[in-house]
Amino acid sequence: MFLEQLSNGIALGSLYALTAVGYTMVYGIIRLINFAHGDIYMMGAFFAYTAIAYFNLPLVPSFLIGMVCAALLGVFIAKFAYTPVFNAPKINLFLCAIGTAIFLENFAMLVWGPETQSFPTMIKNEIYTFGGFKFTKLQAVILITSILLVLILSYIVKKTKIGRAMRCASQDMVAARLMGINTNKVIFITFALGSSLGAAAGTLVAMYYKAVYPMMGFSAGLKAFVSAVIGGIGSITGAMFGGLIMGIAESLGAAYISSGYRDAIAFIILIIILLFKPTGLFGKTVKEKV
Amino acid sequence: MLKIKNLDVFYGGIHALKGINFEINEGQIVTLIGSNGAGKTTILKVISGIVRQKNGQVLFQGEDISKLPSEKIVELGVIHVPEGRKIFTVLNVEENLLMGAYLRKDKKEIQDDLENIYELFPRLKERKTQMGGTLSGGEQQMLAIGRAMMSKPKLLMLDEPSMGLAPIIVQEIYETITRLNKERNLTVLLVEQNANLALQAAHHAYVIETGEIVLEGSGKELLGDDRVRKAYLGEE
Ligand SMILES: Nc1ncnc2c1ncn2[C@@H]1O[C@H](COP(=O)(O)OP(=O)(O)O)[C@@H](O)[C@H]1O
Ligand SMILES: [Mg+2]
């Protein structure tokens, strides 16, 4: 029972982690709590769902289509909803993010309908045991996909030129521009990467629970945000650990305390961690992120 | 090489630059001195495209660059070492230097130039894998200059390079600036509150007060000028 809940928690946690990374990257670069991120996650799931259910495409291409469409959507939002107010007071940007979130939810209801759609079963529900550790094939796929995506992202951020530019811009936008970095481009790429990871998480969740619905991004977005804060907002490593901690605590808490407290557990952990480390687990005091 | 014409800049209601005119000839070290809040940094920011003017022009080699985005300005060969150096603390020394070469595509030459910078500042070579934030103030200034040089600039703009540094380090930095100017025919725009050294190093100098150029002349002339001596060299 414990090990079963643990594998559930790890699967869930890696999904929170994927979503949280997108949150934290966008925050790192423009200091925006991107409330629309959860809805990009939802849109990603719907894009993949559409590819599968309407166009009969296989899983992998559909999954990638979801990621690419969400990346484009993320850039589109950044360009048309956020850049126009970049130089206005921060509250305007925040309000634009909330507006975008509401817009996307309603857009999805209009296009796909408000009711929950069942996500086709694409991976057979086989159960593996590994030294007493029981997990399903789907859980393994979720974990491996998440790890793979996070590794790719880490490579981009740490080893490539654009990744270096992202880290510089997130530390000091003006200094980055003085080096000849086109910071607008860097911002768009950050949105594209973050959104595509969000879409990947959204699609995996839809596969896990076999459901897609327009409001699915709301609580997921909130939990991913909490994960990012637990890890230290702006820190990619932090977001990953924050997500895992959240997922595991939530599964174990639901199993051993009460499933009614599922969502409350996230916030209890948040409060406890912030009491001891106000900047989050991997948070640096000021300014340095990503 | 660079010509500023009737530059007016506002920050909201604050009229920070009031019809600034000045010129820098190729191969010269030109200094802009003035006390805190005079508008020196603002001038550099306009040249590098960070702040936009209300009126006026910035001509670089005859071309108006005042509406270009900053990356285009860097590409043309104008580099700005900001006040407070703004080293990337998230990167190590070598990565910081490579950021200076961000727009360059000539990989082989970048490596050569890197060696060049290490020759110029041997201390940076010793510390090349250290994170930028762990360097001393003097080393950070060297890194900031080295990073700027990695862009292969034609015009190097330095905003208060001596700020907060020990006199002996300042001396060293100034020697390097002079050397770069002589050996590589690099044009330098030097912004300083520390007027003495700047005037000694400069071919030509401008004095700015509350957004206006109030005096200009050769470095030597201004060193001998009564008003300058009183206001900027701390003499009675
Ligand atoms: N971002 C800003 N917003 C508002 N006022 C500013 C800003 N930057 C500079 N100023 C004002 O413009 C004037 C010139 O500043 P600055 O160019 O930084 O002077 P200096 O570099 O000579 O010390 C000062 O009065 C300063 O307060
Ligand atoms: Mg200044």
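What you see is a predicted model, and the numbers here were worked out from it, not measured in a lab.

## Some thoughts on the overall build of chain B
Line of reasoning, step 1. What chain B contains, in helices and strands, is 10 helices and 10 strands.
Line of reasoning, step 2. For chain B, whose C-alpha radius of gyration is 17 Å, the value lies close to the compact-globule estimate of 18 Å for 236 residues.
Line of reasoning, step 3. C-alpha atoms of chain B, sized along the principal axes, occupy 45 × 40 × 35 Å.
Line of reasoning, step 4. Here chain B, with 236 residues, has 56% of them falling under the buried criterion.
Line of reasoning, step 5. Per element, the accessible surface of chain B, about 10,300 Å² overall, is 47% carbon and sulfur.
Line of reasoning, step 6. For chain B, the centre of its 29 positive side-chain charges and the centre of its 32 negative side-chain charges are spaced 4 Å apart.

## Here's the deal with the confidence of the model for chain B
Regions with low pLDDT should not have their predicted coordinates read in detail.
Line of reasoning, step 1. Looking at chain B, pLDDT values average 94 and 99% of them are 70 or higher.
Line of reasoning, step 2. Among the prediction metrics, the complex's ipTM stands at 0.93, with pTM recorded as 0.91.

## Overview of the coordination of the magnesium ion (ligand 2)
Line of reasoning, step 1. In the first shell of the magnesium ion (ligand 2), the protein supplies Thr41 of chain B (OG1) and Glu83 of chain B (OE), at 2.0 to 2.3 Å from the metal. With Thr41 of chain B in helix H1 (residues 40-47) and Glu83 of chain B in the loop between strand E6 (78-81) and helix H3 (93-100), the pair connects residues that are 42 residues apart, well separated along the chain.

## Structural notes on the nonpolar core
Line of reasoning, step 1. If you look at the biggest cluster of nonpolar residues, it comprises 121 residues, and the most contacted ones within it are Ile181 of chain A together with Ile47, Met99, Leu155 and Leu189 of chain B.
Line of reasoning, step 2. The biggest single contributor to this core is helix H8 (residues 183-209) of chain A, with 14 residues.
Line of reasoning, step 3. Setting aside residues no more than four positions away along its own chain, Ile181 of chain A makes contact with Ala165, Cys168, Ala176 and Val186 of chain A together with Glu71, Met99 and Tyr102 of chain B.
Line of reasoning, step 4. One finds Leu97, Met149, Ile177 and Ala201 of chain B within the second-largest nonpolar core, a separate group that totals 50 residues.

## Description of the sheet that holds strand E7 (residues 155-159) of chain B
Residue and element names in this part refer to chain B.
Line of reasoning, step 1. Overall, mixed pairing links the 6 strands, which are arranged E6-E7-E8-E3-E9-E10 in an open sheet. The open sheet is flanked by E6 and strand E10 (212-218), the only strands paired with a single partner. Sheet twist, expressed as the average angle between the axes of neighbouring strands with direction ignored, equals 15°.
Line of reasoning, step 2. Across the sheet, helix H6 (residues 137-149) lies against E6 and E7, angled at about 165° from E6, the strand it touches most.

## Description of the interface of chain A and chain B
Line of reasoning, step 1. With 19 residues of chain A at the contact, the number on the chain B side is 24 residues.
Line of reasoning, step 2. Where chain A abuts chain B, roughly 2,000 Å² becomes buried across the two surfaces, and 63% of that area is made up of carbon and sulfur atoms.
Line of reasoning, step 3. Here chain A and chain B share 0 salt bridges between them.
Line of reasoning, step 4. Remark: the boundary between chain A and chain B carries 7 residue pairs in polar contact (both at pLDDT 80 or more).
Line of reasoning, step 5. If you list the elements that add at least two residues to the side of chain A that touches chain B, you get helix H6 (161-171) and helix H7 (173-178) of chain A.
Line of reasoning, step 6. Looking at the side of chain A that touches chain B, the element that brings in the most residues is H6 of chain A, giving 7 residues.
Line of reasoning, step 7. Of the residues in the side of chain A that touches chain B, the class split is 9 nonpolar, 3 polar and 7 charged.

## Focus on helix H11 (residues 262-276) of chain A
Residue and element names in this part refer to chain A.
Line of reasoning, step 1. For H11, spanning 15 residues, the distance from its first C-alpha to its last is 23 Å, which sits close to the expected 21 Å at 1.5 Å a residue.
Line of reasoning, step 2. All of the buried residues along H11 are Ile265, Ala266, Ile269, Leu270 and Ile273. The buried side chains of H11 occupy one side of the element, clustering within an arc of 140° when seen end-on. Across from the buried face of H11, at angles greater than 90 degrees, the exposed residues are Ile271 and Leu275.

Conventions we followed
- Residues numbered from 1 in each chain as written.
- Chains lettered and ligands numbered in written order.
- Predicted model: local features only at pLDDT ≥ 70, side-chain atom pairs only at ≥ 80, totals over all residues.
- Heavy atoms only, no water.
- Helix = DSSP H or I, 4+ residues; strand = E, 2+ residues; numbered from the N terminus.
- Rg over C-alpha atoms; globule rule 2.2 N^0.38 Å.
- Buried < 20%, exposed > 50% of the residue type's maximum accessible area, 1.4 Å probe, protein only.
- Areas by Shrake-Rupley, 256 points an atom, 1.4 Å probe, with all protein chains shown as cover.
- Lys, Arg positive; Asp, Glu negative; His and termini not counted.
- Charge placed at Lys NZ, Arg CZ, Asp CG, Glu CD.
- pLDDT = per-residue confidence, 0-100.
- Donors = N, O, S within 2.8 Å, 3.2 Å for Na, K, Ca; no water.
- Core = buried A, V, L, I, M, F, W, Y, C linked by side-chain atoms within 4.5 Å.
- Contact = heavy atoms within 4.5 Å.
- Pairing = 2+ DSSP bridges.
- Axes fitted to C-alpha atoms, helices over the stretch in contact; angles between N-to-C directions.
- Buried area = accessible area lost by both parts, 1.4 Å probe.
- Salt bridge = Lys/Arg side-chain N within 4 Å of Asp/Glu carboxyl O.
- Polar contact = N/O pair within 3.5 Å; in protein donor to acceptor, adjacent residues only side chain to side chain.
- Nonpolar A, V, L, I, M, F, W, Y, C, P; charged D, E, K, R; others polar.
- Expected span 1.5 Å × (residues − 1).
- Arc of directions from axis to C-beta.

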